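Summary of the model geometry
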Amino acid sequence: MLTTALRNVLAHKARLLMTVLAVCLGVAFASGTLVFADSTAAAQRAAATRNFADVAVSVTANEPDVLTDGLARRLAGVPGVAAVRPTADGSATLNAADGTPLRVKRGTNLAAGYESGRHPLAEGRAPAAEGEIAVDRDTAAAGGYHLGDQVTLATDGPVMTARLVGIVATADTRVTAGGTLTLFDRATAQKLFAAPGEYTGIDLVAAPGVGQYELAQRVAAVLPADRAQATTGQAQAQQQALYVRTLTRGYQKMPMVFAGVSLFIGSFLVVNTFTMLVSRRGREIALLRAVGATRRQVVRSLLAEAVLVGLAASAVGFALGLGIATVLPGLLSTDGSRLPEGPLVIGARPVAAALFVGVGVTVLAAWLPSRRAARIAPVEALRAVSRPAGGSRLRAAAGTALLLLGAGLLVSLSASAKDASEENLRSAMLGCGTLVVALLVLAPSLAVPVIRLAGRLTGRFGMTGRLARENALRDPRRTAATAATLLISTALVSGLATIGDSTGRALDRQAAAGLGADYVISTGNTMTGIDPAAVGRVSGVSGVREASAVADSTAVVGGRVREVSGVDPAAVSRFMKLDFVSGSAEDLGPGRIALSVSTARESGVDAGGRIEVRMGRSKEPVMYTVAGVYRDNPTARDAVGARDGVQRDSYKPGSVQRILVRGEGTSTAALRTAVGDNPLLKVQDRAQLVREAAGTVGELLTLMYGLLGIGAVISALGIVNTLAVSVTERTREIGMLRALGMDRPGIRRMIRLEAVTVAAFGTLLGLAGGLFGAWAVGALAGGAMDGYALALPWGTLALVCLASLAIGALAAALPARRAAALGPLEAVAQG
């Protein structure tokens, strides 16, 4: 039977090639992502190890006034210490040459004192005095800096300017991952990040023959108890590599999603291919049964074919995966970040994954057709023709039950659930999955009515259109299996597109509806402050009517950490559009706080109630009276209090974190000038705030189009496979049509219309399932997001429909050409 399996694979190699290609896509994404992850992790470890290559022990402190020159001198006297390198580091944000803040998506805005051994110069010289800096090469390129330029920067306070005197090379993974590096002379770094004569860390170099762990123990013995600690350089390197790996972990998510979707959709192509092979080889299998082959041997023979196909898919997919792993670093470094360079690391994990995924998916998908083949009786060998099966009653009943179960679960969730909790989202995903499975099970039963309805359009093409419709109806199961890949990809894309578009519009409405100001100047975090005097300077900008400061902080409200906005109660209504359901902003004052609807509901209080609040850095909680409850508002955040009270206990006492501006005829550039061009501050108008709020929708769109592309490729392979088999089965029929007068263009048109009909069937079912699932999930989102309403992205849906029909037409090109090439006599003779 193994010989039979090998012979069958070689005999149908062209048909099985489509299956290999479909499965190898998933294998390529899975194995390529794993190789990329292992290679990146190894490169990050190597880069971090290089950073700490000569550091045996690092000393850090838990409080100020510990790492001083005196301690550095004592550490120099510890046996085994060859050199002491005190460091003073922190963070610094720079303005680019065009005046815009040089912000990073990943990595760190690292700043430190210059060290010749750690920061080799590429151009210029080292900073030697206050007012001089050096930056790394990537930062210089991103900011458009040249030696001698005056650079505006800020650490954690006022803006300062410095002259760029040097450009350095660095292998620090915190910088190469997308951060920036700014270097000062040691005295300036101490002044900015520690204090004169103090440091933020002290690195020690070990003498030859002294181990890191041994030296760390000796150093720990001379450190102040509970005020400082010694860490080996190896441990520091591991921590840094882990930090950078955490920053870049998101790079692996999307390829793995693509791998999962590819394999899921590709499994239907495997099922369809083996089902068609079983159908084509029905008489052959019956003859094997007649000469003594058992059912188990038939199953093993087909599964052996699946194993061979899976091995081929694994090999091809793994080779493609290595290509993906090679190009991924370049593709993912286009946003300014740069992954560490290193060789590809091919371990056992990606190889095992390629084999498990390729062979496992193929064998599992081929199991059902093999069981069906085992049920073929020996007497089938005497039949001249095998009749295709339509949708059985049992299948229709099972599909209807699944449809009612999935739709019922989604409808009940949309009617009763009012929040997008993790449990509700899991239930919604289960309902959507059940719905898609139901459509797949029901597809053969739905094929006849849906295709007859869609066939009215193909009927406009005359006899070729009517023949195309009847050919698609000839084997409903095959048609349904071919359309399954398009059904799944269309459902995924249409559902994600609808949810993404609806969410984006809701965020737009929230950002616009919750803000009464025209501009917002913000720090982006509660640990950085704006000088309150800046409010007066902003108010004096031409076109500004008024400006109001907001102090942002965090607070433990009702046992949970919340974001609190400290406002001027008399002016807040002009700058924030607070929609109070009870109470009002005028009731704010000492000991009084207003809560958002979500916060009040989760805390179990209402206006007039009392709640325990621990504001900012305060140690003890205080009882507050709830002055009012307002609808969720991203500008006001979770809670609103009087500004004086919030400032008193904030992490930056006396400072503010936002300035809300009302005015017309001004610009963000003028406002940025008013706050000293501080790169720590963001100056945004309403349109920019809306775009920022909807930023995650862009990632969803990228995922959506990726899924559409994967579904398109696999669907095209499935249609080619099905039509190739169909043309082979109908060779005599095509010859008769040619003999009766149908020309070659007519034959090609008939095959293309058949493919378009199958594609339209899968697209219609996918749209129905995707939009219904989006409606149900949207109902959950509506309970958690004010302003959410289902919005159909008509342009995207039209693009999906056109793309699906185009896939059908393009996939039919080769089978149609092959069918049209048959001459009448040749076709009749072959048939």
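Given the structure is predicted, the values throughout are model-derived calculations rather than measurements. (Residues numbered from 1 in each chain as written. Predicted model: local features only at pLDDT ≥ 70, side-chain atom pairs only at ≥ 80, totals over all residues. Heavy atoms only, no water.)

1. Some points on the overall build of the protein
Helix and strand counts for the protein come out as 28 helices and 22 strands. Of all 831 residues assigned to the protein, the portion counted as buried reaches 51%. Carbon and sulfur atoms make up 59% of the accessible area of the protein, which totals about 36500 Å². (Helix = DSSP H or I, 4+ residues; strand = E, 2+ residues; numbered from the N terminus. Buried < 20%, exposed > 50% of the residue type's maximum accessible area, 1.4 Å probe, protein only. Areas by Shrake-Rupley, 256 points an atom, 1.4 Å probe, with all protein chains shown as cover.)

2. Here we look at the side chain of glutamine 190
Here glutamine 190 shows up in helix 6 (residues 186-193). In terms of polar contacts, glutamine 190 uses its side chain to reach the backbone carbonyl oxygen of glutamate 198, at 3.0 Å. With sequence-adjacent residues up to four places away left out, glutamine 190 is seen in contact with Ala88, Ala195, Pro196, Gly197, Glu198 and Tyr199. (Polar contact = N/O pair within 3.5 Å; in protein donor to acceptor, adjacent residues only side chain to side chain. Contact = heavy atoms within 4.5 Å.)

3. Brief notes about a nonpolar patch on the surface
A contiguous nonpolar patch, built from Val307, Leu311, Leu344, Ile346, Val351 and Leu355 and spanning about 440 Å² of accessible area, is present on the exposed surface. For the nonpolar patch, the secondary-structure elements that each account for two or more residues are helix 11 (295-332) and helix 12 (348-374). In this fold, leucine 355 is placed in helix 12. Accessibility expressed as a relative area gives 42% for leucine 355, which makes it partly exposed. (Patch = residues over 30% accessible without salt bridge, like charges linked within 9 Å, V, L, I, M, F, W, Y side chains within 5 Å. Salt bridge = Lys/Arg side-chain N within 4 Å of Asp/Glu carboxyl O.)

4. Points about the side chain of arginine 562
Considering the arrangement of structural elements, one finds arginine 562 in strand 15 (residues 560-567). For arginine 562, the side chain forms a polar contact with the side chain of glutamate 602, separated by 2.8 Å. Excluding its chain neighbours within four sequence positions, the residues that come into contact with arginine 562 are Ser553, Thr554, Ala555, Val557, Thr599, Glu602, Ser603 and Asp638.

5. Looking at the nonpolar core
Leu440, Ile451, Leu487, Ile488 and Phe761 are the most contacted members of the largest nonpolar core, which has 23 residues in total. Breaking this core down by element, the ones donating at least two residues are helix 9 (253-280), helix 14 (422-458), helix 15 (463-474), helix 16 (476-513), helix 23 (695-729) and helix 25 (744-784). Among the elements that line this core, the one with the most residues is helix 14, at six residues. Look past the residues within four positions of isoleucine 488 in its chain and what remains in contact with it is Phe264, Ile265, Phe268, Val436 and Leu440. Counting residues in hydrophobic clusters, the runner-up holds 22 residues, among them Ile719, Ile734, Leu737 and Ala759. (Core = buried A, V, L, I, M, F, W, Y, C linked by side-chain atoms within 4.5 Å.)

6. Some details on the sheet that holds strand 1 (residues 57-61)
Strand order in the open sheet formed by four strands is 2-11-1-12, and the pairing between neighbours is antiparallel. The open sheet has two free edges, formed respectively by strand 2 (81-87) and strand 12 (228-232), since each of these has just one partner strand. Averaged over all pairs of adjacent strands, the angle between strand axes in this sheet comes to 20°, irrespective of strand direction. With three bridges connecting them, strand 1 and strand 11 (residues 201-206) associate as antiparallel partners. (Pairing = 2+ DSSP bridges. Axes fitted to C-alpha atoms, helices over the stretch in contact; angles between N-to-C directions.)

7. Some words on the packing of aromatic side chains
For any two aromatic rings, the description comes down to two numbers: the centre-to-centre distance and the angle of the planes. Per the counting criterion, the structure on display carries three aromatic pairs. Where phenylalanine 184 meets phenylalanine 193, the ring centres are 6.1 Å apart and the plane angle is 65°; that geometry is what we call edge-to-face. When the centroid spacing of 5.8 Å and the interplanar angle of 70° are considered together, the rings of phenylalanine 580 and tyrosine 630 count as edge-to-face. Separated by 50 residues along the polypeptide, phenylalanine 580 in strand 16 (residues 580-583) and tyrosine 630 in strand 19 (residues 622-630) bring together distant segments of the chain. (Phe/Tyr/Trp six-rings, centres within 6.5 Å; stacked < 30°, edge-to-face > 60°.)

8. Focus: the pattern of salt bridges
Inspection of every chain in the model, using the stated rule, returns 18 salt bridges. For glutamate 546, the salt bridge goes to arginine 662, with nearest N and O atoms at 2.6 Å. Of this pair, glutamate 546 sits in strand 14 (residues 544-557) while arginine 662 sits in strand 21 (residues 658-663), and the two are 116 residues apart along the sequence. Of the charged contacts, one joins arginine 562 and glutamate 602 as a salt bridge, the two residues approaching to 2.8 Å between their closest N and O atoms. Highlighted residues: arginine 562 in strand 15 and glutamate 602 in helix 19 (residues 597-603), separated in sequence by 40 residues. One continuous salt-bridge network, built from bridges that share partners, spans Arg125, Glu132 and Arg163.

9. Looking at the environment of tyrosine 630
We classify tyrosine 630 as buried; its relative accessible area is 0%. Separated by 32 residues in sequence, tyrosine 630 and serine 598 place their C-alpha atoms 9.2 Å apart.

10. A look at the environment of alanine 171
Along the polypeptide, alanine 171 turns up in the loop between strand 9 (160-168) and helix 5 (173-176). Separated by 53 residues in the primary sequence, alanine 171 and arginine 118 place their C-alpha atoms 9.1 Å from one another.

11. Comments concerning the environment of tyrosine 519
Mapped onto the secondary structure, tyrosine 519 falls in strand 13 (residues 519-522). Judged by its relative accessible area of 11%, tyrosine 519 is buried. In the structure, tyrosine 519 is positioned 28 residues away from alanine 547 in sequence and 9.4 Å away in space, judged by C-alpha atoms. Discounting residues that sit within four places of it in the chain, tyrosine 519 has contacts with Ile659, Leu660, Val661, Gly663, Thr666, Ser667, Thr668, Leu671, Gln684 and Asp685.

12. Some details on the pairing of strand 11
In terms of residue burial, strand 11 counts as a mostly covered element, since five of its six residues are buried. Relative to strand 11, strand 2 runs antiparallel, the two being bridged by six bridges. Each bridged residue has a counterpart across the sheet, and for proline 86 the counterpart in strand 11 is isoleucine 202.

13. Topic: the packing of helix 26 (residues 794-811) against helix 27 (residues 813-820)
The N-to-C vectors of helix 26 and helix 27 enclose an angle of 35°; their axes lie 5 Å apart at closest approach. Contacts between helix 26 and helix 27 pair Ala809, Leu810 and Ala811 from the former with Ala813, Leu814 and Pro815 from the latter. Looking at the contact of helix 26 with helix 27 residue by residue, the classes come out as six nonpolar, no polar and no charged. (Nonpolar A, V, L, I, M, F, W, Y, C, P; charged D, E, K, R; others polar.)

14. Comments concerning helix 27
Residues of helix 27 that are buried: Pro815, Ala816, Ala819 and Ala820. For helix 27, the angular spread of buried residues about the axis comes to 130°, placing them on one side. Turned more than 90 degrees away from the buried face of helix 27 sit Leu814 and Arg817, all of them exposed. (Arc of directions from axis to C-beta.)

15. What about helix 6?
Taken together, the buried positions of helix 6 are Thr188, Ala189, Gln190 and Phe193. The secondary structure elements touched by the buried residues of helix 6 are strand 3 (89-91), strand 5 (109-113) and strand 10 (180-184).

16. Description of unusual backbone geometry
In the Ramachandran plot, aspartate 226 falls in the positive-phi region, its phi being about 65° despite a non-glycine side chain. Relative to the helices and strands, aspartate 226 resides in the loop between helix 7 (212-222) and strand 12. Aspartate 226 sits in the exposed class, given a relative accessible area of 72%. With phi around 70°, arginine 637 is a residue other than glycine that occupies positive phi space. Structurally, the position occupied by arginine 637 is in the loop between strand 19 and strand 20 (639-642).

17. Focus on the confidence of the model for the protein
Of all residues in the protein, 85% attain a pLDDT of 70 or more, and the chain-wide mean is 81. Taking the mean pLDDT of every element in the protein, the minimum, 61, falls on helix 28 (residues 824-830) and the maximum, 95, on strand 7 (residues 132-136). (pLDDT = per-residue confidence, 0-100.)

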